[in-house]
Amino acid sequence: MAGFKLRRSLLYVPGNMPSMLQNIPIFNCDSVIIDLEDAVPLSEKDAARHLVKRFLMNYTDRNKELLVRINPLDTKWGYEDLRVVLPAMPDGIRLPKADTPEIVERLDTLLTEFEEELEVEIGRFGILPSLESALGVINAVGIANSSERIFALAFGAEDYTASMEIERSRGGEELFNARTRVLWAAKAKGIQAVDTIFADVSDMEGLRAETELAKRLGYTGKCLVNPRQIEVVHDVFAPKAHEVEYALQVIEAIQRARQLGTGVIALGGKMVDAPVVKRAARVLRTAYAHGMVDTLIDEEAIHGAQ
Ligand SMILES: CC(C)(COP(=O)(O)OP(=O)(O)OC[C@H]1O[C@@H](n2cnc3c(N)ncnc32)[C@H](O)[C@@H]1OP(=O)(O)O)[C@@H](O)C(=O)NCCC(=O)NCCSC(=O)C[C@@](O)(CC(=O)O)C(=O)O
Ligand SMILES: [Mg+2]
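Fair warning: this is a prediction, and the values are worked out from it, not measured in the lab.

The rules behind each value
- Residues numbered from 1 in each chain as written.
- Chains lettered and ligands numbered in written order.
- Predicted model: local features only at pLDDT ≥ 70, side-chain atom pairs only at ≥ 80, totals over all residues.
- Heavy atoms only, no water.
- UniProt positions renumbered as here; feature names shortened; annotations may be inferred.
- Helix = DSSP H or I, 4+ residues; strand = E, 2+ residues; numbered from the N terminus.
- Salt bridge = Lys/Arg side-chain N within 4 Å of Asp/Glu carboxyl O.
- Buried < 20%, exposed > 50% of the residue type's maximum accessible area, 1.4 Å probe, protein only.
- Near = heavy atom within 4 Å.
- Polar contact = N/O pair within 3.5 Å; in protein donor to acceptor, adjacent residues only side chain to side chain.
- Areas by Shrake-Rupley, 256 points an atom, 1.4 Å probe, with all protein chains shown as cover.
- Nonpolar A, V, L, I, M, F, W, Y, C, P; charged D, E, K, R; others polar.
- Donors = N, O, S within 2.8 Å, 3.2 Å for Na, K, Ca; no water.
- Phe/Tyr/Trp six-rings, centres within 6.5 Å; stacked < 30°, edge-to-face > 60°.
- Lys NZ or Arg CZ within 6 Å of the ring centre and 35° of its normal.

Okay, the UniProt feature "domain: HpcH/HpaI aldolase/citrate lyase" (unreviewed entry) in the chain next. This chain's UniProt record puts "domain: HpcH/HpaI aldolase/citrate lyase" (unreviewed entry) on residues 8-227. With 41% helix and 17% strand, the stretch residues 8-227 has end C-alpha atoms that lie 13 Å from each other.

Attention shifts here to the pattern of salt bridges. A complete count under the given rule lists 21 salt bridges for this structure. Among the ionic pairs, Asp203 bridges to Arg170, the shortest N-O distance being 2.7 Å. Within this pair, whereas Asp203 is found in the loop between β7 (192-195) and α9 (204-217), its partner Arg170 is found in the loop between α7 (157-164) and α8 (176-189), the two being separated by 33 residues in sequence. Judged by its relative accessible area of 14%, Asp203 is buried. Classification of Arg170 by relative accessible area gives exposed; the value is 55%. Several salt bridges converge on common partners, so that one network encompasses Asp35, Glu37, Asp38, Arg69, Lys97 and Asp159.

Lining the immediate surroundings of ligand 1 are 22 residues, of which Tyr12, Glu132, Glu158, Thr196 and Val225 lie closest. Between Arg69 and ligand 1, the recorded distance is 2.8 Å, taken from a side-chain N or O atom to an oxygen atom. Ala157 is positioned such that a nitrogen or oxygen atom in its backbone is 3.2 Å from an oxygen atom of ligand 1. Considering ligand 1 on its own, with 1100 Å² of exposed area, one finds that the protein chains cover 63% of that surface. Residue classes in the shell around ligand 1 are distributed as 12 nonpolar, three polar and seven charged.

With distances of 2.0 to 2.1 Å, the protein atoms coordinating the magnesium ion (ligand 2) are Glu132 (OE) and Asp159 (OD). Remark: Asp159 occurs in helix α7 and Glu132 occurs in the loop between β5 (126-131) and α5 (134-138); sequence separation between them is 27 residues. What makes Glu132 buried here is its relative accessible area of 5%.

Turning our attention to the packing of aromatic side chains. Applying the stated criterion across every chain yields a total of three aromatic pairs. Plain terms: the ring middles of Phe55 and Tyr59 are 5.3 Å apart, the flat faces sit at 50° to each other, and that makes the pair tilted. Across this residue pair, the class does not change: Phe55 and Tyr59 are buried. For the pair Tyr79 and Phe114, a centre-to-centre distance of 5.7 Å together with 40° between the ring planes defines the contact as tilted. With Tyr79 in helix α3 (residues 78-85) and Phe114 in helix α4 (residues 101-118), the pair connects residues that are 35 residues apart, well separated along the chain. The partly exposed category is assigned to Tyr79, whose relative accessible area is 39%. Look at Phe114 and you get buried, because its relative accessible area is 6%. If you follow Lys45 out to its NZ or CZ, it ends over the ring of Trp77, 5.4 Å from the centre.

This is the structure we're talking about:
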């Protein structure tokens, strides 16, 4: 599928910590979010953005997606973050506290102005908005549609629970509706959905359970605060061998069905029809991205023939 990019693991790295920044090239995550917002104390906001710029300038062997989380544009740091960091060519901007479509539109306009000034392709810088308040969650659909630069929506549970004046539990029951609403908006727009961080870096079982839930709901990736969390998240998002095997059987079965002039067939006692084929195609697309199958199936041909 054109433009399909694995974003299972998006690791936050505080932008004011040279010792952490220098290890970015060796981390096995799909994306890094270098943070200028909440991980950076007020006294270090100015120094951090210059540190991040220097780091990005020197990081020529770009082996993963590099995003920068700026401060909100209605703070005195947000615009300055963009001005300093964009010439160092991050892949995109994570916009915190994206509460309304208008906030994202403002970022979109600024990015276009910087792209013109830097003489790079319009649309080069992507946007990953963070929906992390009651207002942001309510506006999820409008936000998803506010800029063509948006490649995914991210849910932020730490600020969300603060905005709701509630505590975040280990099981996350209180997050269910918000998590789902963000997901619906992303799916309706046809973009990826990225789940929130799991803050207890010593609780790998809790991380696994939360990631499994997010995957079951439809999220395609998760934000992380510690490199030790990467492996668990990759393991959860990797398709399982039996799922890949079944998906291959489904594609084979539907091709057989078509030769017989029908769109539905039984496989192991279960009905295989168009939605089953769609789900199988998704499993195989993900398996291909994980290197578990050699060829990418022609989804247009598979779906088009229905
Ligand atoms: C959590 C902890 C303090 C634990 O420290 P610990 O000391 O126990 O960690 P250890 O495992 O012992 O570290 C072993 C070695 O790894 C190095 N190392 C650790 N973490 C590393 C890392 N991230 N990057 C590179 N290097 C790392 C470390 O330097 C050491 O290196 P060395 O000394 O050489 O051995 C630490 O990880 C950390 O600071 N994390 C980043 C926190 C952060 O960015 N927060 C803001 C983003 S979230 C947010 O804003 C929520 C949100 O906005 C959005 C949303 O949900 O998406 C919302 O509202 O929800
Ligand atoms: Mg936050």
